[in-house]
Amino acid sequence: MKRIALLGMPNTGKSTLFNRMTGGAARVGNWPGITVELLSGKILLGNEMVEIIDLPGIYDLHGFSDDEQVVRHFLHDNIPDLALVVLNTSQIERQISLLLQLKQLNMNLVVVLNMSDEAKKFGITVDVKKMSGLLELPIFLLSAKYGTGYQEVQHAITKALRYPTPGMAEQLRTQLEQDEHIESEMARVLKHTVQIPARLSDGLTEKLDGVLLHPWLGLPIFFAVMYMVFQGVFLFGQPFQEGIADLLDWFRSVALEPLLGTLPQYMQGLLLDGIYNGVTTVAAFVPIIVLFFLFMAIVEDSGYLSRAAFLMDALMSRLGLDGRGFVMLLMGFGCNVPALMGTRVMRSRAMRLLTMMVIPLSLCSARLQVFIFFTAALFSAKAAPVVLFSLYLFSFTTAIITALIFKNQFKNTEPFVLELPPYRFPTARQMVLRGWLEVRHFLRRATKFIVAGVVVVWLLTNLPSSAVPASADTYAGMIGSALHPFFAPLGINEQLTIALIFGFIAKEIVIGALAVIYSLSGDELGNAIGLQLDWVQAYSFMLFTLLYTPCLATIATLQSESKQLKFTALSLAWSLGLAWVVSFAFYQGARALGY
Amino acid sequence: MSATTLATLHPGETATIVSIQAEEALHLRLLALGFRSGKQIEMIRKASFSGPLQVRVGTTDVMLRRVEAAKIEVHKA
């Protein structure tokens, strides 16, 4: 099958063009020579199937950033039959350097000048015919967003694919001296073909920036925007989550339970409480991920995310992070999973990993449920808000400490120079596609892992078959008593230890697990726990719950996003260790003070 | 006309790039973003708390940190 590679600088609308070409029917895959996965799609062009690969945006073919190396290695090991070079028409005066570098490789090229709609607004005119002649390349104006000019591009690609690729120079890493040649060539082509008005007339972006990046107003507006996005995702998401849960419960009671009723009790438990519960755990994330990326598409495609980076950089650079990491950290307070997936906007791997180390410490809404239950059971109505607030403080503080500790381990070596693109209206199509692609990615990568994890915990809490489920006689109970020496210094008893093992799957089920363990529910459960524990033990348990592994879905996402077992293990070990140390210090400290 | 670095420009001021004294990775990135000697550069704004700078080169708005801007020598118009 013939291969077309999409190449271009960041912010040229490459992905928009890719989505237009493939209609969203893309898959993520591995390629020889590189370690990151790339999006590709197969489409029918003319009368043959071709594969289109979306390469990461690069500034320079000879650059040293992670993405630039990926592209170099990809081209080296997977020579495409055609490279479709995407340039931003408004920035053609500088982007043409990349085109000239690519031209030196002697590849089969088709060039599109994208975002032609925007260039027109700026008053930039390009003599495409003349430029084609000067560069001896097929060049087309296009608006991938609105589809203008797409037919011609498709036609040109089909035609260009008929000719074999001329073959590439063996030595990809050409000497930098050649850049001088590129510079004079750039000037020659631009002088004859492009006209740029002396002053850009994008008054809207300038006016918006005047307010949104205002020295005093910028930050309050940023937090207000983040608050609205947060509420949008998680308030909207909740009814959907509940709806899906009800639907799956209904299906279980009307279809699965009658159907499996003839099976032995044991098999029923494994299938329904093990595998089916695993599926419902996965399903609970679907609405949140879709909504999260719908909103992220707005924040990112509108150009606001890079403004957030600008506003927060003064603080974040001290932590070795950037402002976009801060946005993801905030979103982690709703749910860690989409926040981890969202770190993909950061192109430096080191900075991305550091952000992914920090996000699991955000107090997500599932953990909040546990805390609300415990504070209601053990603290007065007056003290409860203070207790909750103190847990948020712990969450923030541990996040900052984690960033400071690991900042040198995951040292960002890429220069922090970001483009601030003009504000743009994201299209509904872009938003929906984004939500759909991300949720599919999550389902493919995480489902098996989460279901397997739920089954394992079910087996642990139900085997051996003679034991009462979730009691001290089960394997989980045995693990609980084996771990008792570790948890006793934290004031956490064996029953709570079993609940923590359940909490490994998801914090949402901790209260449900306690109900099974104590054979009580609702207020009665709260009262029983209130009588058994004092506030120091309860707070220590909450601290441990806050800091240790958030949930199976988070681990699955850490692994699928980092693709590095070592990193996932480090993150797990760090959160467990931190949870133990903080709970220990708190519990022993409080006891020493006489509480 | 006076020589200084990009970091010292005030918002609204325009200058001409004289040279870029940066390590290779930063240098390449700046070149690709349109920073070349002889080009006009305008300081748009500076973030509070010693935060980053927003500058305009040609048709591109770029944010960079003050340490990096100090490596770019400019001639004030």
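Residues numbered from 1 in each chain as written. Chains lettered and ligands numbered in written order. Predicted model: local features only at pLDDT ≥ 70, side-chain atom pairs only at ≥ 80, totals over all residues.

Colleague: So what exactly am I meant to see when it comes to the overall build of chain A here?
Modeller: Each helix and strand counted, chain A has 25 helices and ten strands in total. Since a compact globule built from 595 residues should have a radius of gyration of about 25 Å, the 28 Å found for chain A is in line with a globular shape. Viewed in the frame of its principal axes, chain A has a C-alpha envelope of about 85 × 60 × 40 Å. Looking at the 595 residues of chain A, the share that counts as buried comes to 44%. Taking all contacts inside chain A whose residues are at least 6 apart in sequence as the whole, residues at least 24 apart take part in 75%. (Helix = DSSP H or I, 4+ residues; strand = E, 2+ residues; numbered from the N terminus. Rg over C-alpha atoms; globule rule 2.2 N^0.38 Å. Buried ≥ 20, exposed ≤ 12 C-beta atoms within 10 Å, placed from the backbone. Contact = placed C-beta atoms within 7 Å.)

Colleague: Looking at this structure, I do not really get the confidence of the model for chain B. What am I missing?
Modeller: Detailed reading of the predicted coordinates is not advisable wherever pLDDT falls low. Averaged over all residues, the pLDDT of chain B equals 89, while 99% of them reach at least 70. Interface confidence for the predicted complex, expressed as ipTM, amounts to 0.92; the pTM equals 0.82. (pLDDT = per-residue confidence, 0-100.)

Colleague: Quick question: what am I supposed to make of the nonpolar core here?
Modeller: Side chains of nonpolar character tend, in soluble globular proteins, to be buried together. Residues and elements named next belong to chain A. Among the nonpolar cores identified, the biggest contains 183 residues, and Leu 6, Leu 84 and Phe 502 are the most heavily contacted of them. In terms of residue count, the dominant contributor to this core is helix α10 (residues 265-301) (14 residues). When sequence neighbours within four positions are dropped, the list of residues in contact with Leu 84 reads Ile 4, Leu 6, Leu 7, Val 110, Val 112 and Ile 157. (Core = buried A, V, L, I, M, F, W, Y, C linked by C-beta atoms within 7 Å.)

Colleague: Explain the environment of Gln 532 of chain A to me, please; I cannot follow it from the model alone.
Modeller: Considering the arrangement of structural elements, one finds Gln 532 of chain A in helix α22 (residues 522-532). Distance in space between the C-alpha atoms of Gln 532 of chain A and Asn 493 of chain A is 9.8 Å, their sequence separation being 39 residues.

Colleague: It is not clear to me how the domain arrangement of chain A should be interpreted in this structure. Could you clarify?
Modeller: Interfaces are frequently sized by the accessible area removed from exposure as the parts join. Residues and elements named next belong to chain A. The assigned domain composition of chain A is domain 1 (2-201), domain 2 (212-364 + 395-416 + 429-443) and domain 3 (448-592). Just the C-alpha atoms count here: the centres of domain 2 and domain 3 sit 22 Å apart. With 25 residues of domain 2 at the contact, the number on the domain 3 side is 22 residues. Among the elements of the structure, α10, α13 (336-342), α14 (349-358) and α16 (384-406) are those that each provide at least two residues to the side of domain 2 that touches domain 3. If you tally residues by element for the side of domain 2 that touches domain 3, the top one is α10, at twelve residues. A breakdown of the residues in the side of domain 2 that touches domain 3 according to their chemical character gives 16 nonpolar, eight polar and one charged. (Domains from an automatic or database assignment. Nonpolar A, V, L, I, M, F, W, Y, C, P; charged D, E, K, R; others polar.)

Colleague: Quick question: what am I supposed to make of the interface of chain B and chain A here?
Modeller: With 26 residues of chain B in contact, the opposing surface of chain A contributes 26 residues. Of all the secondary structure elements, the ones that give two or more residues to the side of chain B that touches chain A are α1 (24-32) and β5 (60-64) of chain B. Among the elements that make up the side of chain B that touches chain A, the one with the highest residue count is α1 of chain B (seven residues). When grouped by side-chain class, the residues that make up the side of chain B that touches chain A number twelve nonpolar, eight polar and six charged. As paired strands, strand β10 (residues 417-419) of chain A and β5 of chain B are joined by three bridges and run antiparallel to one another. By the bridge assignment, Leu 418 of chain A is partnered in β5 of chain B with Met 63 of chain B. (Pairing = 2+ DSSP bridges.)

Colleague: What am I meant to see in the packing of helix α11 (residues 304-316) of chain A against helix α12 (residues 323-332) of chain A here?
Modeller: Each pair of packed helices can be described by the angle between their axes along with the distance between the axes. Residues and elements named next belong to chain A. It is the contact of α11 with α12, at a shortest axis distance of 6 Å, that shows an interaxial angle of 95 degrees. Between α11 and α12, the angle falls in the class roughly perpendicular. For the pair formed by α11 and α12, the contact residues are Leu 305, Ala 308, Ala 309, Phe 310, Leu 311, Met 312, Asp 313 and Met 316 on the first element and Gly 323, Arg 324, Gly 325, Phe 326 and Val 327 on the second. Here the contact of α11 with α12 is composed, by residue class, of nine nonpolar, two polar and two charged. (Axes fitted to C-alpha atoms, helices over the stretch in contact; angles between N-to-C directions. Parallel < 35°, antiparallel > 145°, perpendicular 65-115°, else oblique.)

Colleague: Quick question: what am I supposed to make of helix α20 (residues 494-503) of chain A here?
Modeller: Given 3.6 residues per turn, any residue in an α-helix points the same way as the ones three and four places further on. Residues and elements named next belong to chain A. Within α20, eight of the ten residues are buried, which leaves it mostly tucked inside the rest of the structure. Residues of α20 that are buried include every one of Leu 496, Thr 497, Ile 498, Ala 499, Leu 500, Ile 501, Phe 502 and Gly 503, and no others. Residues of α20 that are buried sit in contact with α17 (428-462), α18 (475-482), α19 (484-487), α21 (510-518) and α23 (535-547).

Colleague: How should I be thinking about the sheet that holds strand β4 (residues 48-54) of chain A in this particular structure?
Modeller: Within a sheet, adjacent strands bond to each other through the backbone by hydrogen bonds, running parallel or antiparallel. Residues and elements named next belong to chain A. Read from one edge to the other, the open sheet built from seven strands follows the order β2-β3-β4-β1-β5-β6-β8, with strand pairing classed as mixed. This sheet does not close on itself; its edge strands, each paired only once, are β2 (26-29) and β8 (139-141). Strand after strand, the sheet turns through a mean of 25 degrees between neighbouring axes, direction not considered. Summarising the sheet, strand β1 (residues 2-8) and strand β5 (residues 82-88) pair through five bridges and their orientation is parallel. Paired with Leu 6 across the strands is Leu 84, a residue of β5. Relative to the sheet, helix α1 (residues 14-22) contacts β1, β2, β3 (38-45), β4, β5 and β6 (109-114), its axis offset from that of β4 by approximately 155 degrees.

Colleague: What exactly am I supposed to notice about the packing of helix α24 (residues 552-562) of chain A against helix α25 (residues 565-592) of chain A here?
Modeller: Residues and elements named next belong to chain A. Two elements in contact, α24 and α25, have axes whose closest approach is 8 Å; the angle formed by their N-to-C orientations is 145 degrees. For the element pair α24 and α25, the recorded crossing hand is right-handed. Along its contact with α24, which presents Ile 555, Leu 558, Gln 559 and Ser 562, the element α25 presents Phe 567, Thr 568, Ser 571 and Leu 572. Along the lines of polarity and charge, the residues of the contact of α24 with α25 split into four nonpolar, four polar and no charged. (Left-handed = near helix turned anticlockwise from the far one by under 90°.)

Colleague: Looking at this model, I keep getting lost on the confidence of the model for chain A. Mind explaining?
Modeller: Residue and element names in this part refer to chain A. Of all residues in chain A, 95% attain a pLDDT of 70 or more, and the chain-wide mean is 87. Summarising per-element confidence for chain A, the mean pLDDT is lowest in helix α7 (residues 178-193) (72) and highest in α25 (96). This model gives residues 169-177 a pLDDT under 50, and the stretch forms eight contacts once residues within four places in sequence are excluded.

Colleague: Explain the sheet that holds strand β6 (residues 72-76) of chain B here, please?
Modeller: On the basis of which strands lie adjacent, the open sheet formed by seven strands has the order β10(A)-β5(B)-β4(B)-β3(B)-β2(B)-β6(B)-β1(B) and antiparallel pairing. The open sheet has two edge strands with one neighbour each: β10 of chain A together with β1 (2-5) of chain B. Recorded for the sheet is a direction-independent mean angle of 40 degrees between the axes of neighbouring strands. Both strand β4 (residues 53-57) of chain B and β5 of chain B contribute to a ladder of five bridges, which runs antiparallel. When the bridges of β5 of chain B are listed, Val 57 of chain B appears paired with Thr 60 of chain B.

Colleague: What should I look at first to understand unusual backbone geometry in this one?
Modeller: Most of the time, phi is negative for any residue but glycine, and the peptide bond is trans. Residues and elements named next belong to chain A. At the junction of Leu 463 and Pro 464, the peptide bond is cis and its omega measures out at -10 degrees in the coordinates. Mapped onto the fold, Pro 464 is located in the loop between α17 and α18. One non-glycine residue, Glu 136, lies in positive phi territory at about 55 degrees. Among the secondary structure elements, Glu 136 is positioned in the loop between α5 (128-135) and β8. Take Glu 136: there are 8 C-beta atoms within 10 Å of it, and that puts it in the exposed class. At Lys 563, a position not held by glycine, the phi torsion is positive, near 55 degrees. As for its placement among the helices and strands, Lys 563 is situated in the loop between α24 and α25. Exposure remark for Lys 563: the 13 C-beta atoms within 10 Å place this residue in the partly exposed category.

Colleague: Looking at this structure, how should I read the environment of Leu 354 of chain A?
Modeller: All names here are of chain A. If you trace the backbone, Leu 354 turns up in helix α14. Sequence separation between Leu 354 and Val 28 is 326 residues, and the spatial gap between their C-alpha atoms is 24 Å. Aside from chain neighbours lying at most four places away, what touches Leu 354 is Gly 320, Leu 321, Ala 403, Phe 406, Lys 407 and Phe 410.

Colleague: Would you take a moment to explain the pairing of β5 of chain B for this structure?
Modeller: A regular strand places its side chains so that they alternate between the two faces of the sheet. Residues and elements named next belong to chain B. Of all five residues in β5, five are buried; the element is thus mostly enclosed. Neither face of β5 is left uncovered, since the one carrying Thr 60, Val 62 and Leu 64 and the one carrying Asp 61 and Met 63 both have all their residues buried. Between β4 and the antiparallel strand that follows it, β5, lie two residues; Gly 58 among them carries a positive phi value of about 60 degrees.

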